[in-house]
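# Architecture and fold: a report
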Amino acid sequence: MTELTDFQEKIAALLPDVEMKFDEPLAKHTSLRIGGGAEVMAFPKNGEELSEILKVSVLLDGSFAILGAGTNVLAPDEGVRGLVVCLKDCLGGMERLDETRIRVMAGMTMARAAANAANLGLAGMEFAHGIPGTVGGWIRMNAGAFGHSISEVIARVKVDGVWIPASD
């Protein structure tokens, strides 16, 4: 077994209940199946775990990257130092706010969000059905398909506890 780096030892000691893998090949987590090892890859199961992971990373002065479903991500062959946080199984909830609006968390796939919206009788997200990626990834890059983009259907985004209105 390979000896753990100082960062790996510290983060494992500070987050004993969080699922983590060391030197995890990013190729296993990207749709293009490329990428070397992540020094530490964490798999939070809920918002509380995610919050603890990010606090510990800052405490350790570690860099971190967020990975959703890994769709169209070009991970470097040499790998990534520091922490990669995989949100694939985290932040996947959705709730209906009223007759015309839903709140969708960053980890849900856009295809699932579009299907759920349609099942609730809400129109506007049809362009996203069947297209890979998570809501967070789509928002980060204003992704779109079939002549439409995510910016057309969002009202605001919550980042670090602050609601940010969508731009016109």
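Structural notes, computed from the coordinates. Note that this is a predicted model, so its numbers are computed, not measured.

## A closer look at the layout of surface pockets
- Size it by volume and the second largest pocket reaches roughly 180 Å³.
- Lining the second largest pocket are 13 residues, and of these Lys 28, His 29, Phe 43, Cys 86 and Lys 88 sit closest to its centre.
- The residue inventory of the lining of the second largest pocket, partitioned by class, reads three nonpolar, four polar and six charged.

## A closer look at the sheet that holds strand β2 (residues 37–42)
- Reading across from one edge, β1-β2-β4-β3 is the order of the four strands in this open sheet, with mixed pairing throughout. Both outer strands of the open sheet, β1 (20–25) and β3 (64–67), are each paired with one neighbouring strand and no more. In this sheet, adjacent strand axes meet at a mean angle of 35 degrees when their direction is disregarded.
- Of the pairings in the sheet, the one linking β2 to strand β4 (residues 80–86) comprises four bridges and is parallel in character. The residue of β4 that forms the bridge with Ala 38 is Val 80.
- The sheet strands contacting helix α1 (residues 6–14) are β1, β2 and β4, and the helix crosses β1 at an angle near 150 degrees.
- In the packing of helix α2 (residues 47–59) onto the sheet, contacts are made with β2, β3 and β4, and the angle to β4 comes to roughly 165 degrees.

## Remarks on unusual backbone geometry
- With a phi close to 55 degrees, Asp 23 is a non-glycine residue in the positive phi region.
- Backbone geometry at Asn 72 places phi at a positive 55 degrees, although glycine is not the residue there.
- Within the secondary structure, Asn 72 is located in the loop between β3 and β4.

## Focus on α2
- With 13 residues, α2 ought to run about 18 Å at 1.5 Å a step, and its terminal C-alpha atoms sit 18 Å apart, in line with that.
- All of the buried residues along α2 are Glu 49, Leu 50, Ile 53, Val 56 and Ser 57. On an axial view of α2, the arc spanned by its buried residues comes to 130 degrees, and they lie on one face. Exposed residues pointing more than 90 degrees away from the buried face of α2 are listed as Glu 48, Lys 55, Val 58 and Leu 59.
- The secondary structure elements touched by the buried residues of α2 are α1, β2, β3 and β4.

## Comments concerning the pattern of salt bridges
- Applying the stated rule across the entire model yields eight salt bridges.
- A salt bridge links Glu 39 to Arg 81, with the nearest nitrogen and oxygen atoms 3.6 Å apart. With Glu 39 in strand β2 and Arg 81 in strand β4, this residue pair connects regions lying 42 residues apart in the sequence.
- Exposure remark for Arg 81: the relative accessible area of 61% places this residue in the exposed category.
- The closest approach of N and O atoms between Glu 95 and Arg 103, which form a salt bridge, is 3.0 Å.
- With relative accessibility at 38%, the residue Glu 95 sits in the partly exposed group.
- For Arg 103, a relative accessible area of 31% puts it in the partly exposed group.

Calculation criteria
The residue numbers shown here count from 1 along each chain, following its written sequence. The model is predicted, so local features are restricted to residues of pLDDT at least 70 and side-chain atom pairs to those at 80 or more, both for listing and for counting; the totals for chains, interfaces and linings are taken over all residues. In computing side-chain values, all of the structure's heavy atoms are included and hydrogens and water are not. Within this scheme a cavity is a closed region of a 1 Å grid, computed over the protein atoms alone, that accommodates a 1.4 Å probe without allowing it to escape, whereas a pocket is open but has protein on both sides within 12 Å along at least five of seven lines; lining residues each have an atom within 4 Å of a point. Grid points are joined across faces, edges and corners, and a volume is the space filled by probe spheres set on the points. Ten residue types, Ala, Val, Leu, Ile, Met, Phe, Trp, Tyr, Cys and Pro, are classed as nonpolar, four, Asp, Glu, Lys and Arg, as charged, and the remainder, Gly among them, as polar. A pair of strands counts as paired when DSSP detects no fewer than two bridges linking them. Each helix is a run of H or I in the DSSP string that is no shorter than four residues. Each strand is a run of E no shorter than two, and both are numbered from the N terminus. Only the contacting stretch of a helix is used when fitting its axis, a line to C-alpha atoms as for every element, and angles between N-to-C directions run 0 to 180 degrees. Residues count as neighbours in contact if any of their non-hydrogen atoms are within 4.5 Å of one another. Expected span of a helix, by definition, is 1.5 Å for each gap between consecutive residues, and there is one gap fewer than residues. When a residue's accessible area, from a 1.4 Å probe over protein chains only, is under 20% of the maximum for its type it is buried; when over 50% it is exposed; and in between it is partly exposed. Throughout, the arc means that of the directions going from the helix axis to the C-beta atoms. Criterion for a salt bridge: a side-chain nitrogen of Lys or Arg within 4 Å of a carboxyl oxygen of Asp or Glu.

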